[in-house]
Amino acid sequence: GGRKWTRFPEDVLPVWVADGDAAAPPAVRDAVAVAAAAGIYGYADPSPDLLEKVRASLARSYEVDDVPAAWLRWHPGLIPALYHAARLAGPTGAVVCPT
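Computed from a prediction, not measured in an experiment: that's the story for all the values here. (Residues numbered from 1 in each chain as written. Predicted model: local features only at pLDDT ≥ 70, side-chain atom pairs only at ≥ 80, totals over all residues. Heavy atoms only, no water.)

Asks: Is there a simple way to explain the overall build of the protein chain in this structure?
Replies: Each helix and strand counted, the protein chain has four helices and zero strands in total. Each helix and strand of the protein chain, ordered N terminal to C terminal, gives the series α-α-α-α. The buried share among the 99 residues of the protein chain stands at 8%. Long-range contacts, defined here as pairs at least 24 residues apart, represent 12% of the contacts in the protein chain between residues at least 6 apart. Approximately 8600 Å² of the protein chain is accessible, and the part contributed by carbon and sulfur atoms is 62%. (Helix = DSSP H or I, 4+ residues; strand = E, 2+ residues; numbered from the N terminus. Buried < 20%, exposed > 50% of the residue type's maximum accessible area, 1.4 Å probe, protein only. Contact = heavy atoms within 4.5 Å. Areas by Shrake-Rupley, 256 points an atom, 1.4 Å probe, with all protein chains shown as cover.)

Asks: What should I look at first to understand the pattern of salt bridges in this one?
Replies: If the charged atoms of two oppositely charged side chains come close together, the side chains can form a pair. Per the stated rule, a full pass over the model turns up three salt bridges. Its salt-bridge partner being glutamate 52, residue arginine 55 comes within 2.9 Å of it at the nearest N-O pair. Here arginine 55 and its partner glutamate 52 are both found in helix 3 (residues 48–61), three residues apart, which amounts to about one turn of the helix. On the basis of relative accessibility, which here comes to 42%, the residue glutamate 52 falls in the partly exposed class. (Salt bridge = Lys/Arg side-chain N within 4 Å of Asp/Glu carboxyl O.)

Written as structure tokens, this is what we have:
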């Protein structure tokens, strides 16, 4: 075992968020195989099902009746999302609070 496995007591399982040492569950392996078979490896637009689930989750979390799809922006990473938020805030001194 590597340093990770010898650093902690034997009764501690050192698993990180992006850990590659543990086997992925069958459902994840199946989803990756389907995505690989599609042949598109870049960033894709969200599916209508994902969009509706995100909208429903936001409506529940913020106790509102509806979150219009036009209010949502999908980004390929954190930096483009922060850039977009800063552009929306503008030079007026607005505060951006990523959540």
